[in-house]
Amino acid sequence: MKMITAMVRPSKVDAIKTALVALDIIGMTVTDSRGFGRQKGQVERYRGTEFTVEFLPKARIEIVVPSAKLDAAIAAITQAAHTGEIGDGKLFVTPVESVIRIRTGESGESTL
């Protein structure tokens, strides 16, 4: 099993969810976050004063998928999140040793 952590634009979360559900991948955690990278912030104006917003809003999506569905999930996320502009985000893939369903005590990929 693998965990995919995606840092994406908040406006792309629904498109990513739809793409993953179409692949029969359900269950995800979404956290609102802020960050910066190559975008280097935005210049905003408030009451005639310019200031730079260095940390931009992002959505952090965490999904655990069976290894067999990893490539399809990555393709779905990148296609759904793609705009072609700086700030589309990044994906991180890490191994998951085990998963345990608290309610029943089940473990393994069947809990996903």
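Higher on the page you've got the structure.
What comes next concerns the included structure.

Scoring rules and cut-offs
- Residues numbered from 1 in each chain as written.
- Predicted model: local features only at pLDDT ≥ 70, side-chain atom pairs only at ≥ 80, totals over all residues.
- Heavy atoms only, no water.
- Salt bridge = Lys/Arg side-chain N within 4 Å of Asp/Glu carboxyl O.
- Buried < 20%, exposed > 50% of the residue type's maximum accessible area, 1.4 Å probe, protein only.
- Core = buried A, V, L, I, M, F, W, Y, C linked by side-chain atoms within 4.5 Å.
- Helix = DSSP H or I, 4+ residues; strand = E, 2+ residues; numbered from the N terminus.
- Contact = heavy atoms within 4.5 Å.
- Axes fitted to C-alpha atoms, helices over the stretch in contact; angles between N-to-C directions.
- Parallel < 35°, antiparallel > 145°, perpendicular 65-115°, else oblique.
- Left-handed = near helix turned anticlockwise from the far one by under 90°.
- Nonpolar A, V, L, I, M, F, W, Y, C, P; charged D, E, K, R; others polar.

With that settled, consider the pattern of salt bridges. Once the charged atoms of two side chains with opposite charge are near each other, the side chains can pair. Applying the stated rule across the entire model yields three salt bridges. Ionic pairing is found between Glu-62 and Arg-60, a salt bridge with its closest N-O pair at 3.2 Å. Taking relative accessible area as the criterion, Glu-62 reaches 23% and is therefore assigned partly exposed.

On to the nonpolar core. Formed by 17 residues in total, the largest nonpolar core has its most connected members in Val-8, Ile-16, Leu-20, Ile-61, Ile-63, Val-65 and Ile-77. Only strand S1 (2-8), helix H1 (13-22), strand S5 (56-65) and helix H2 (70-81) provide two or more residues apiece to this core. In terms of residue count, H2 provides more of this core than any other element does, six residues in total. When sequence neighbours within four positions are dropped, the list of residues in contact with Val-8 reads Ile-16, Lys-58, Ala-59, Ile-61, Ala-81, Asp-88 and Gly-89.

Turning to the packing of H1 against H2, a few remarks are in order. Where H1 contacts H2, the two axes come as close as 9 Å, and the packing angle between them is 150 degrees. Relative to H2, the element H1 is oriented roughly antiparallel. In terms of crossing hand, the pair formed by H1 and H2 is right-handed. Contact residues: H1 offers Ala-15, Ile-16, Ala-19 and Leu-20, while H2 offers Ala-73, Ala-76, Ile-77, Ala-80 and Ala-81. Residue classes in the contact of H1 with H2 are distributed as nine nonpolar, no polar and no charged.

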